[in-house]
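Below are the chains, spelled out letter by letter.
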Amino acid sequence: MYNSNDDSILLRVLKLLKSHNFEYVSGQDICDKLKISRTAVWKHIKKIRALGYKIESRQNLGYRITRQTLLPLPWEITSDLKTKQIGKTVYYFDTIDSTQNFASKISNQNNSGAVIIAQRQTSGKGRLGRRWASPVGGIWLSVILHPKFDVSYTTLFPIASSLALCIAVEKTLNLKPELKWPNDVTLNGKKVAGMLVDIAIESNQIEYLILGVGINYKIDAKKLNASLKKSDHFYGAGSLLKKSQVANPTKLIQSFLYELEQICNILDNGSVGTIIKKWTSKSSTIGKKIPVDTAGSKMNGKAIKLDTDGALVISKNGSEHRLLVGDVNYLRIR
Ligand code: BTN
């Protein structure tokens, strides 16, 4: 596990190499500056290479970085991050059971905004108790929040978060994703990302909230679709990037965290109208005749709007029905 607050020798070696901006640094300089042996330098260089950085070594010249890593490592995310609070601390795992589990273990008042990222999850959780396949190539992350906004916005929050991701994808990848009610981000009609929320409530106030975000960033969609259990809700999984594309996920993550912070500010101010308007403009759900099942009973109607609590308003035979999904998992209500 790596943490953005780490101050290990490995990170100091990396920082030193980076500060030389693709120029060589001699092995002796690294030894002197960090007060470590030549063998230690070599060992750390090996580890840094294993993290995906390309480092050239030349006799008499030393070492230089020639290529950045493509892994969303904590210090890469925190550097140049434009947020005030979200993402100031990042934890990164190669493999974890679920980032939601880790987040709920460490959540306390002091780590609001902390982000947990994993390259792969062995027990990824999806909405409504489903399993979430989390192979290498995706972005699997959780954000711990102690939001100020009113508890009544809890059910709108995951929907608003999918809007934040949609905006970040547009800005950083130059794609045109859509939003499918409740929390899905889609590309060419296939699901490329989903959100879930675990929440603890104390005296009718949000004690803490953990937003879980699963992004099929660069995955083998064919293989994933073949492995998934086809429920009634299944409409196919996609991937934001193709296998052949080389891209760094860090920019997308940074942009998402920034947009998420904007969403939280809007909810804090209570101006949900802005969120509803933006979500609607990117929605593939509104205006469509859609089958929706609620607690076992199936309905067909026309989706006409999103309510301020995240409910989808459906018109059927001249009357309106509200659909609210049980998307938020209540960890504790006291
Ligand atoms: C959905 O079913 O649409 C929501 C999926 C959310 C998956 C993410 S991946 C990171 C975080 N950790 C988990 O175990 N689940 C969420």
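The structure we're discussing is the one just above.
About the cut-offs
- Residues numbered from 1 in each chain as written.
- Predicted model: local features only at pLDDT ≥ 70, side-chain atom pairs only at ≥ 80, totals over all residues.
- Heavy atoms only, no water.
- Axes fitted to C-alpha atoms, helices over the stretch in contact; angles between N-to-C directions.
- Helix = DSSP H or I, 4+ residues; strand = E, 2+ residues; numbered from the N terminus.
- Parallel < 35°, antiparallel > 145°, perpendicular 65-115°, else oblique.
- Left-handed = near helix turned anticlockwise from the far one by under 90°.
- Contact = heavy atoms within 4.5 Å.
- Nonpolar A, V, L, I, M, F, W, Y, C, P; charged D, E, K, R; others polar.
- Core = buried A, V, L, I, M, F, W, Y, C linked by side-chain atoms within 4.5 Å.
- Buried < 20%, exposed > 50% of the residue type's maximum accessible area, 1.4 Å probe, protein only.
- Phe/Tyr/Trp six-rings, centres within 6.5 Å; stacked < 30°, edge-to-face > 60°.
- 1 Å grid on protein atoms, 1.4 Å probe; cavity = no way out; pocket = protein on both sides within 12 Å on 5 of 7 lines; lining within 4 Å.
- Points joined across faces, edges and corners; volume = space filled by probe spheres on them.
- Polar contact = N/O pair within 3.5 Å; in protein donor to acceptor, adjacent residues only side chain to side chain.
- Near = heavy atom within 4 Å.
- Areas by Shrake-Rupley, 256 points an atom, 1.4 Å probe, with all protein chains shown as cover.

Describing the packing of helix H6 (residues 157-173) against helix H8 (residues 250-269)
And step 1. Orientation of H6 relative to H8, taken along the N-to-C sense of each, is 140°, at an axis distance of 8 Å. Between H6 and H8, the angle is such that the two are oblique. Considering only the axes of H6 and H8, their crossing is right-handed. Contacts between H6 and H8 pair Phe157, Ala160, Ser161, Leu163, Ala164, Leu165, Ile167, Ala168, Val169, Lys171, Thr172 and Leu173 from the former with Lys251, Leu252, Ser255, Phe256, Glu259, Leu260, Ile263, Cys264 and Leu267 from the latter.
And step 2. Looking at side-chain class alone, the contact of H6 with H8 contains 15 nonpolar, three polar and three charged residues.

Here we look at the nonpolar core
And step 1. With 87 residues, the main nonpolar core has Phe157, Leu165 and Phe256 as its most contacted residues.
And step 2. Those residues in contact with Phe256, other than ones at most four positions away along the chain, are Leu141, Ser161, Ala164, Leu165, Ala168, Leu211 and Val213.
And step 3. Among the nonpolar cores identified, the runner-up in size contains 13 residues, and Tyr91, Ile96, Ala118 and Ala200 belong to it.

Brief notes about the packing of aromatic side chains
And step 1. Following the criterion strictly, the structure yields five aromatic pairs and no others.
And step 2. Relative to Phe102, the ring of Phe93 lies with its centre 4.8 Å away and its plane at 70°, an arrangement referred to as edge-to-face.
And step 3. Their ring planes at 80° and their centres at 6.4 Å tell us that Trp132 and Trp140 sit as a pair that is edge-to-face. The same class applies to Trp132 as to Trp140, namely buried.

Description of the layout of surface pockets
And step 1. Size it by volume and the second largest pocket reaches roughly 330 Å³.
And step 2. If you trace the second largest pocket, you find 17 residues lining it, with Gln85, Lys148, Cys264, Asn265 and Asp268 closest to the centre.
And step 3. The element best represented in the lining of the second largest pocket is H8, accounting for six residues.
And step 4. Here the lining of the second largest pocket is built from residues that sort into six nonpolar, six polar and five charged.

Comments concerning the side chain of His146
And step 1. One can find His146 in the loop between strand S6 (139-145) and H6.
And step 2. A distance of 3.3 Å separates a polar side-chain atom of His146 from the backbone oxygen of Asn108.
And step 3. Once you skip the residues sitting within four places of it in the chain, His146 turns out to touch Asn108, Gln109, Asn111, Ser112, Glu207 and Tyr208.

Some remarks on the site of the ligand
And step 1. In the region of the ligand, 19 residues are neighbours, and Ser98, Gln121, Lys125, Arg127 and Lys191 sit closest.
And step 2. Here Thr99 contributes a side-chain N or O atom positioned 3.0 Å from a nitrogen atom of the ligand.
And step 3. Taking Lys125, its main chain carries an N or O atom lying 2.7 Å from an oxygen atom of the ligand.
And step 4. If the ligand stood free it would expose 420 Å²; the protein chains cover 99% of that surface.
And step 5. Secondary structure elements with two or more residues in the shell around the ligand: helix H5 (99-106), S6, strand S9 (190-202) and strand S10 (205-215).
And step 6. When residues of the shell around the ligand are assigned to their parent elements, the largest contribution, four residues, is made by S9.
And step 7. Residue classes in the shell around the ligand are distributed as six nonpolar, 10 polar and three charged.

Looking at unusual backbone geometry
And step 1. Omega for the peptide link from Trp181 to Pro182 comes to 5°, which places this bond in the cis form.
And step 2. Along the polypeptide, Pro182 turns up in the loop between strand S7 (178-180) and strand S8 (184-187).
And step 3. Non-glycine residue Asp80 carries a positive phi angle of around 70°.
And step 4. Checked against the element boundaries, Asp80 lands in the loop between helix H4 (74-78) and strand S4 (90-96).

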